[in-house]
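The lines below spell out each chain.
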Amino acid sequence: FLMKITKGLIPMIAAGLLLASCEKKVVVQDQTGNETAVSDAPNTTISNNETVKREDLPEPVKSFVDKHYAGTGVAHYELKTIPAMGDRYEVKMNNGAEIDFDKDGNWEEIKDGQGVPDALVPQNILSYVQQNYQGIKIKSIDKDNNKIKVDLLNDIDLEFDSNGTFIRIDK
């Protein structure tokens, strides 16, 4: 019994240490478009008075937001530096959509309570959802370890391989 507890505890401690070492910038955009860095994490890399400009985001992130969420506006974004993974950008839009990007500005996860825009969903996955769940929008899509996880607005979770081939309903 003690051995099982120890085996489970070690990975939890390691994960905790990894997360505790993250650095985080949170940027809030006001109604006039001014952006201010604020901190809600003990390991932040900036002071509360430092202003961070939208230009600090990688060009692919800015282009993605301008193209797919034009006119929506960025509510805030965060820069997280994770050891062994590098920088990660979390962008929250004024309409509540959230997009996570890798260090190069490629999206990794999109959450949108109004439905992820069809243009952002790989064609195989979009076709599968339209064919099997007609009229149901995609709430979130997450590229994770050679799999793509899709959550529908009707609370059905689907799993696809990296090519967009359906694997299973995720429970």
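For the structure given in this document, a descriptive report is provided here. (Residues numbered from 1 in each chain as written. Predicted model: local features only at pLDDT ≥ 70, side-chain atom pairs only at ≥ 80, totals over all residues. Heavy atoms only, no water.)

**Focus: the packing of aromatic side chains**
Tallied over the full model, the rule gives four aromatic pairs. Between the aromatic rings of Tyr128 and Phe160, the centroid separation amounts to 5.5 Å while the plane-to-plane angle is 80°, which identifies the pairing as edge-to-face. Separated by 32 residues along the polypeptide, Tyr128 in helix H3 (residues 123-132) and Phe160 in strand E9 (residues 157-161) bring together distant segments of the chain. The same class applies to Tyr128 and to Phe160, which are both buried. Summarising the aromatic geometry, the rings of Phe160 and Phe166 are spaced 5.8 Å apart at their centres and angled 75° between planes, so their arrangement reads as edge-to-face. Here Phe166 falls in the partly exposed class, since its relative accessible area comes to 29%. (Phe/Tyr/Trp six-rings, centres within 6.5 Å; stacked < 30°, edge-to-face > 60°. Helix = DSSP H or I, 4+ residues; strand = E, 2+ residues; numbered from the N terminus. Buried < 20%, exposed > 50% of the residue type's maximum accessible area, 1.4 Å probe, protein only.)

**Describing the pairing of strand E3 (residues 74-82)**
Both E3 and strand E4 (residues 86-93) contribute to a ladder of eight bridges, which runs antiparallel. Of the residues in E4, the one forming a bridge with Ile82 is Gly86. Between the end of E3 and the start of E4, which pair antiparallel, lie three residues, with Ala84 showing a positive phi angle near 75°. (Pairing = 2+ DSSP bridges.)

**Digging into the environment of Glu109**
Note on placement: Glu109 falls in strand E6 (residues 107-111). Given a relative accessible area of 18%, Glu109 falls into the buried group. Residues contacting Glu109, with those up to four places away along its chain left out, are Glu98, Ile99, Asp100, Ile141 and Asp142. (Contact = heavy atoms within 4.5 Å.)

**Things to note about the pairing of strand E8 (residues 147-152)**
A one-sided burial pattern is seen for E8, the buried positions being Ile148, Val150 and Leu152 and the unburied ones Lys147, Lys149 and Asp151. As paired elements, strand E7 (residues 138-144) and E8 share six bridges and run antiparallel to each other. Bridge pairing links Asp144 to Lys147 in E8. Hairpin geometry of E7 and E8 is characterised by an intervening segment of two residues between the two adjacent antiparallel strands and by a positive phi of about 50° at Asn145.

**What about H3?**
Listing the buried residues of H3 in full gives Ile125, Leu126, Tyr128 and Val129. Each buried residue of H3 lies within a common arc of 160° when the element is viewed along its axis, so the set occupies one face. Residues of H3 that are exposed and point more than 90 degrees away from the buried face comprise Gln123 and Gln131. Buried residues along H3 sit in contact with E7, E8, E9 and strand E10 (166-170). (Arc of directions from axis to C-beta.)

In short, geometric facts, not functional conclusions.
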